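Topology and contacts: notes
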Amino acid sequence: EAHFELGRRTARAKLSGVYFYGPSSAHFQRGVEAENPSAEMLKNTIISDSYKEELALRMASMLNPKDLVAVKASRGMKSEQFVLLLEPHDFHAKG
């Protein structure tokens, strides 16, 4: 399963946070946990079976001024909803 492998590779990358949503979320989470049994990366990771604005807002609130956000999705997942939440941002207002 590609999403299981994506979870494994994501865990190996030691990212500071991940927002993954979609019908393959369970496969992705199992991959993360298989690679990192302590699941330490999950503290800043949001995994959901569908897009939920409140979860996207929570992830957006974790961002800092110099953070890099990479979005990988198919058009069917409507990832633009999440991207639009990120734009524009006034990071100076976060202080």
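A brief structural summary. This one's a predicted model, so the numbers in the text were calculated from it and none came from an experiment. (Residues numbered from 1 in each chain as written. Predicted model: local features only at pLDDT ≥ 70, side-chain atom pairs only at ≥ 80, totals over all residues. Heavy atoms only, no water.)

1. Overview of the overall build of the protein
- When its secondary structure is counted, the protein shows 4 helices and 2 strands.
- Each of the 95 residues in the protein was classed as buried or not, and the buried ones make up 29%.
- The long-range share in the protein, meaning contacts at least 24 apart out of those at least 6 apart in sequence, stands at 61%.
- Summed over its atoms, the accessible surface of the protein is roughly 6,500 Å², and 53% of this surface lies on carbon and sulfur atoms. (Helix = DSSP H or I, 4+ residues; strand = E, 2+ residues; numbered from the N terminus. Buried < 20%, exposed > 50% of the residue type's maximum accessible area, 1.4 Å probe, protein only. Contact = heavy atoms within 4.5 Å. Areas by Shrake-Rupley, 256 points an atom, 1.4 Å probe, with all protein chains shown as cover.)

2. With respect to the packing of aromatic side chains
- Scanning the entire structure with this criterion turns up 4 aromatic pairs.
- Plain terms: the ring middles of Tyr19 and Tyr21 are 5.3 Å apart, the flat faces sit at 35 degrees to each other, and that makes the pair tilted. Comparing Tyr19 with Tyr21, the two get one shared label, buried.
- With a centroid separation of 4.1 Å and 5 degrees between ring planes, the pair formed by Phe20 and Phe28 is classed as stacked.
- Among the aromatic residues, those joined into a ring-pair cluster are Tyr19, Tyr21, Tyr51 and Phe82. (Phe/Tyr/Trp six-rings, centres within 6.5 Å; stacked < 30°, edge-to-face > 60°.)

3. Describing the environment of Pro37
- Among the structural elements, Pro37 can be located in the loop between α2 (25-35) and β2 (45-48).
- Here the alpha-carbon distance between Pro37 and Ala11, two residues 26 residues apart in the chain, equals 9.9 Å.

4. Description of the pairing of strand β1 (residues 18-21)
- The alternating pattern of β1 places Val18 and Phe20 on one face and Tyr19 and Tyr21 on the opposite face, and all of these are buried.
- Here β1 runs beside β2; their pairing, made up of 4 bridges, is parallel. Residue pairing across strands places Phe20 opposite Ile47, the latter belonging to β2. (Pairing = 2+ DSSP bridges.)

5. Let's talk about a nonpolar patch on the surface
- Together, Val69, Val71 and Val83 make up an exposed nonpolar region whose accessible area comes to about 190 Å².
- Along the polypeptide, Val69 turns up in the loop between α3 (53-61) and α4 (80-85). (Patch = residues over 30% accessible without salt bridge, like charges linked within 9 Å, V, L, I, M, F, W, Y side chains within 5 Å. Salt bridge = Lys/Arg side-chain N within 4 Å of Asp/Glu carboxyl O.)

6. Quick word on the environment of Glu35
- Relative to the assigned elements, Glu35 resides in helix α2.
- Taking the C-alpha atoms as reference, Glu35 lies 7.9 Å from Arg9; in sequence the two are 26 residues apart.
- Beyond its immediate stretch of four places on either side in the chain, Glu35 contacts Arg8, Ala11 and Arg12.
- There is a polar contact of 3.1 Å between the side chain of Glu35 and the side chain of Arg8. (Polar contact = N/O pair within 3.5 Å; in protein donor to acceptor, adjacent residues only side chain to side chain.)

7. Some remarks on the nonpolar core
- If you look at the biggest cluster of nonpolar residues, it comprises 10 residues: Tyr19, Tyr21, Ile46, Leu55, Ala56, Met59, Ala60, Leu63, Phe82 and Leu86.
- Elements that contribute at least two residues to this core include exactly β1 and α3.
- Per-element tally for this core: the top contributor is α3, with 4 residues.
- Those residues within four positions of Tyr19 in sequence are excluded, and the remaining contacts are Ile46, Tyr51, Lys52, Leu55, Ala56, Met59 and Phe82.
- Among the nonpolar cores identified, the runner-up in size contains 6 residues, and Ala11, Phe20, Phe28 and Leu42 belong to it. (Core = buried A, V, L, I, M, F, W, Y, C linked by side-chain atoms within 4.5 Å.)

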